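Summary of the model geometry
So the chains spell out like this:
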Number of protein chains: 6
Amino acid sequence: MPYVNVKVTRNGVTREIKQKIIADITDSLVKHLDKKPEHIHIVIDEIDEDNWGFAGELTTDYRKRT
Amino acid sequence: MPYVNVKVTRNGVTREIKQKIIADITDSLVKHLDKKPEHIHIVIDEIDEDNWGFAGELTTDYRKRT
Amino acid sequence: MPYVNVKVTRNGVTREIKQKIIADITDSLVKHLDKKPEHIHIVIDEIDEDNWGFAGELTTDYRKRT
Amino acid sequence: MPYVNVKVTRNGVTREIKQKIIADITDSLVKHLDKKPEHIHIVIDEIDEDNWGFAGELTTDYRKRT
Amino acid sequence: MPYVNVKVTRNGVTREIKQKIIADITDSLVKHLDKKPEHIHIVIDEIDEDNWGFAGELTTDYRKRT
Amino acid sequence: MPYVNVKVTRNGVTREIKQKIIADITDSLVKHLDKKPEHIHIVIDEIDEDNWGFAGELTTDYRKRT
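Structure report, in brief. (Residues numbered from 1 in each chain as written. Chains lettered and ligands numbered in written order. Predicted model: local features only at pLDDT ≥ 70, side-chain atom pairs only at ≥ 80, totals over all residues. Heavy atoms only, no water.)

1. What about the relation of the copies chain E and chain B?
Superposing chain E onto chain B takes a rotation of 120° plus a shift of 0.0 Å along the axis, which leaves an RMSD of 0.0 Å. Put plainly, the chains are arranged around a three-fold axis. Taking C-alpha positions as the reference, the residue of chain E nearest the rotation axis is D45(E), at 5.8 Å. (Least-squares fit on C-alpha atoms with pLDDT ≥ 70 in both.)

Here you go:
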């Protein structure tokens, strides 16, 4: 009975991309753990880059520098 | 010192419903675990149906089919 | 399609208590949000008191003082 | 900069299975979101069946009945 | 390889405050656990006060009373 | 009313280190967000290196190679 939470920064995550990521993760859990698809829930959280800290700074600041 | 996170799809979750769910969960933890109400925090995350994967597809796609 | 995560300190959380908390939370979500029980997953994490910080100190230290 | 948390019940999740699930999820995020592998962190939580509630009961009770 | 999730109520959490919190938490993990900054990811979730339950009621109701 | 979850790999995280990390994070939230310490809960999850995926492989495999 898996539950998966995916956190990504919010840029360019289209509906089609979400469909593919959810299909891929579900397939992987069905294949390797023999889980039933209807027991697999996946929540995708899209996070503003100002709310994601990486290497000690906001992702927005990090991207400006690099 | 419980912390509870409730994730639900975002449709029809009114303020009154949130009040009732928070009261019910708090009551249950006070009753069965003898916790103090002021040590109980509950966060409700309302998730867009396009961000909730179920049985390998987006909940929006699943609901259209069923 | 709710998912609930309950975090509590690990002391005296018996199997019977887990059954009651899971039944209570499921009932609440079924009643107020009209969810199907088989779409409700609840994970209980029991946390060592040395790993739970409260008011700036470990719960074990806090309990000794109060 | 994705972070993924996978929660599964603790039974038969070998090291090899973890390697495959982590490779699959990483590949999916690299392919569809163009993420760098070294920015992808995945945490697998193995949950005792007595701590996973499904359809209003403990998974251990549910499995006994079905 | 730490991952940190900070949940706060959404009021007055400016960009500057986020920068400071992320810097502080990163510094603490680097100093005490000898982690590399580029392995530390921190996600800040700002929660509506209507979605945060405290002591059995919504934070908005609690603040009105106190 | 902040809640913080820190996930780190399980190696060398002593009780003293936990005390310092919890004190640091609490201080930061009190200072920058004017929160009351008794409203701040912090949970530290120590994760086995076999359960933490980084850059597409288990942390145990990654460390062997690097």
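2. Describing the interface of chain E and chain B
At the junction of the two partners, chain E supplies 14 residues and chain B supplies 16 residues. Summed over both sides, the interface between chain E and chain B buries roughly 1,300 Å², with carbon and sulfur atoms accounting for 53% of that surface. Contact with chain B buries surface across chain E, with N51(E), G56(E) and L58(E) losing the most and accounting together for 37% of the total. For the interface between chain E and chain B, the tally reads two salt bridges. At the boundary of chain E and chain B, one finds eleven residue pairs in polar contact (both at pLDDT 80 or more). Among the elements of the structure, β3 (52–54), β4 (57–58) and α2 (59–65) of chain E are those that each provide at least two residues to the side of chain E that touches chain B. Tallied by class, the residues present in the side of chain E that touches chain B amount to five nonpolar, four polar and five charged. (Contact = heavy atoms within 4.5 Å. Buried area = accessible area lost by both parts, 1.4 Å probe. Salt bridge = Lys/Arg side-chain N within 4 Å of Asp/Glu carboxyl O. Polar contact = N/O pair within 3.5 Å; in protein donor to acceptor, adjacent residues only side chain to side chain. Helix = DSSP H or I, 4+ residues; strand = E, 2+ residues; numbered from the N terminus. Nonpolar A, V, L, I, M, F, W, Y, C, P; charged D, E, K, R; others polar.)

3. Here's the deal with helix α1 (residues 15–33) of chain D
Between its first and last C-alpha, α1(D) extends 27 Å over 19 residues, near the 27 Å set by a 1.5 Å rise per residue. Those residues of α1(D) not exposed but buried are I17(D), K18(D), I21(D), I22(D), I25(D), T26(D), S28(D), L29(D), H32(D) and L33(D). Buried residues of α1(D), seen end-on, are gathered within an arc of 160° and therefore sit on one face of the element. On its buried face, α1(D) sits against β1 (3–9) and α1 (15–33) of chain A, β1 (3–9) and β2 (41–47) of chain D together with β3 (52–54) and β4 (57–58) of chain F. Downstream of α1(D) by a residue or two, D34(D) has a phi angle that is positive, lying close to 60°. (Expected span 1.5 Å × (residues − 1). Buried < 20%, exposed > 50% of the residue type's maximum accessible area, 1.4 Å probe, protein only. Arc of directions from axis to C-beta.)

4. Concerning the packing of α1(A) against α1(D)
It is the contact of α1(A) with α1(D), at a shortest axis distance of 10 Å, that shows an interaxial angle of 165°. Between α1(A) and α1(D), the crossing angle belongs to the class labelled roughly antiparallel. Crossing handedness for the pair α1(A) and α1(D): right-handed. Listed contacts from α1(D) to I17(A), K20(A), I21(A), D24(A), I25(A), S28(A), L29(A), H32(A) and L33(A) of α1(A) are I17(D), K20(D), I21(D), D24(D), I25(D), S28(D), L29(D), H32(D) and L33(D). Taken together, the residues of the contact of α1(A) with α1(D) sort by class into ten nonpolar, four polar and four charged. (Axes fitted to C-alpha atoms, helices over the stretch in contact; angles between N-to-C directions. Parallel < 35°, antiparallel > 145°, perpendicular 65-115°, else oblique. Left-handed = near helix turned anticlockwise from the far one by under 90°.)

5. Let's talk about the environment of I44(C)
Tracing the sequence through the fold places I44(C) in strand β2 (residues 41–47). Judged by relative accessible area, which is 2%, I44(C) ranks as buried. Sequence-wise, I44(C) and G56(C) are twelve residues apart; in three dimensions their C-alpha atoms are separated by 24 Å. Among all residues touching I44(C), those that are not within four sequence positions of it are V6(C), V8(C), K18(C), I22(C) and N51(D).

6. Some remarks on the packing of aromatic side chains
Per the stated rule, a full pass over the model turns up nine aromatic pairs over all chains. On the numbers, 3.5 Å between centres and 5° between planes, the contact of Y3(B) with Y3(F) is stacked. Of this pair, Y3(B) sits in strand β1 (residues 3–9) while Y3(F) sits in strand β1 (residues 3–9), on two different chains. Under the relative-accessibility criterion, Y3(B) is labelled buried at 3%. Between F54(D) and Y62(D), the aromatic rings sit 4.8 Å apart at their centres with planes inclined by 80°, giving edge-to-face as the arrangement. (Phe/Tyr/Trp six-rings, centres within 6.5 Å; stacked < 30°, edge-to-face > 60°.)

7. Things to note about the sheet that holds β3(E)
Taken in spatial order, the eight strands of this open sheet run β4(D)-β3(D)-β2(C)-β1(C)-β1(B)-β2(B)-β3(E)-β4(E), and their pairing is mixed. The two strands at the open ends of the sheet, each matched to only one other strand, are β4 (57–58) of chain D together with β4 of chain E. Relative to strand β3 (residues 52–54) of chain D, β2(C) is paired through three bridges, and the arrangement is antiparallel. What sits directly across from V43(C), in β3(D), is W52(D). Where helix α1 (residues 15–33) of chain B meets the sheet, it contacts β1 and β2 (41–47) of chain B, β1 (3–9) of chain C together with β3 and β4 of chain E, and its direction lies at approximately 140° from that of β2(B). (Pairing = 2+ DSSP bridges.)

8. A word on the side chain of E46(E)
With respect to the helices and strands, E46(E) occurs in strand β2 (residues 41–47). A polar side-chain atom of E46(E) sits 3.0 Å from a polar atom in the side chain of N51(A). Residue contacts for E46(E): discarding those within four places in its chain leaves N51(A), V8(E), R10(E), V13(E) and K18(E).

9. Brief notes about the environment of I25(A)
One can find I25(A) in helix α1. Residue classification places I25(A) among the buried residues on the basis of a relative accessible area of 1%. Placed 27 residues apart in sequence, I25(A) and W52(A) show a C-alpha to C-alpha distance of 23 Å. In this structure, I25(A) is in contact with V4(A), V6(A), I42(A) and I25(D), ignoring residues within four places of it in sequence.

10. Some words on the side chain of T59(F)
Relative to the assigned elements, T59(F) resides in helix α2 (residues 59–65). Of the polar contacts made by the side chain of T59(F), one reaches the backbone oxygen of W52(F); its length is 2.7 Å.

11. Here's the deal with the interface of chain D and chain A
Between chain D and chain A, the residue contacts involve 27 residues of the former and 27 residues of the latter. Both faces combined, the contact of chain D with chain A buries some 2,400 Å², and carbon together with sulfur accounts for 68% of it. When the buried area of chain D at its contact with chain A is split by residue, M1(D), H32(D) and L33(D) rank highest and sum to 27% of it. Taken together, the links from chain D to chain A amount to zero salt bridges. Scanning the region where chain D abuts chain A turns up nine residue pairs in polar contact (both at pLDDT 80 or more). Taken together, the elements giving at least two residues each to the side of chain D that touches chain A come down to β1, α1, β3 and α2 (59–65) of chain D. Residue composition of the side of chain D that touches chain A, grouped by class: 15 nonpolar, seven polar and five charged.

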